[in-house]
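This is what each chain is made of:
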Amino acid sequence: ALDYFVHPGRCPAAKNQSELTQYDVLCGRGGFINGHDGNRRYRSIISLYQPTYISAERRKKPLVITVLVEHVRKRGGRFLKRDKDSGMWYEIGDDKAGLKTSQALRDSLEERANRHCKSAKRLSEVGHIPVTKTHRKNGVEGNIKQVTQQE
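Residues numbered from 1 in each chain as written. Predicted model: local features only at pLDDT ≥ 70, side-chain atom pairs only at ≥ 80, totals over all residues. Heavy atoms only, no water.

Peer 1: Explain the packing of aromatic side chains to me, please; I cannot follow it from the model alone.
Peer 2: Inspection of every chain in the model, using the stated rule, returns 1 aromatic pair. Seen from their ring centres, Y42 and F79 are 5.8 Å apart, and the 85° between their planes marks the pair as edge-to-face. With Y42 in helix α2 (residues 37-55) and F79 in strand β2 (residues 79-82), this pair connects stretches of sequence that are 37 residues apart. Judged by its relative accessible area of 0%, F79 is buried. (Phe/Tyr/Trp six-rings, centres within 6.5 Å; stacked < 30°, edge-to-face > 60°. Helix = DSSP H or I, 4+ residues; strand = E, 2+ residues; numbered from the N terminus. Buried < 20%, exposed > 50% of the residue type's maximum accessible area, 1.4 Å probe, protein only.)

Peer 1: What should I look at first to understand the pattern of salt bridges in this one?
Peer 2: Under the criterion given, the structure shown has 5 salt bridges. Residue R78 pairs with D24 through a salt bridge whose shortest N-O separation is 2.7 Å. Taken together, the residues span a long stretch of sequence, with R78 in the loop between α3 (61-74) and β2 and D24 in the segment before β1 (25-27) at a distance of 54 residues. Comparing R78 with D24, the two get one shared label, buried. In this structure, the salt-bridge partner of D94 is R73, at a minimum N-O distance of 2.7 Å. (Salt bridge = Lys/Arg side-chain N within 4 Å of Asp/Glu carboxyl O.)

Peer 1: Is there a simple way to think about the pairing of β2 in this case?
Peer 2: Regular strands place side chains that alternate from one sheet face to the opposite one. The pairing of β1 with β2 spans 3 bridges and is parallel. Bridge pairing in β2 places L26 opposite L80. Bridge analysis of β2 against strand β3 (residues 89-91) gives 3 bridges, and the strand direction is antiparallel. Note on β3: the bridge partner recorded for R82 is W89. In this structure, the hairpin formed by β2 and β3 is closed by a connection of 6 residues, where G87 is found at a positive phi of approximately 80°. (Pairing = 2+ DSSP bridges.)

In structure tokens, the structure reads:
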């Protein structure tokens, strides 16, 4: 459990972009959000903790997520979402921060698998790669069989 629990905010945490800090994690989509320093740091932290998350037993995965949320919070970071009407940024709270973190870990895993499969597909076109479970799941096995049958 978290040392302290942050609830979703009713008062704005930041009235405009100039009040955002380099440690804040912004929720949403787009170039501004992806390029924000806090989000870049967050993605780096996600990639550092990913091996731990992958190897953790299912019941221990929530602990990894809690550690990541605490990591951001202890550095003064907040998990913020912009209100479309007012343009102000509001704290989403630890429950949603945990969900965001869990999703980020899964998305990062999927991204790694896709990158791996794209390079496997390229190599399979010249017939130089063994078939793995990941390849089968992502449809690369068919390409490998086609290439080896053509030779």
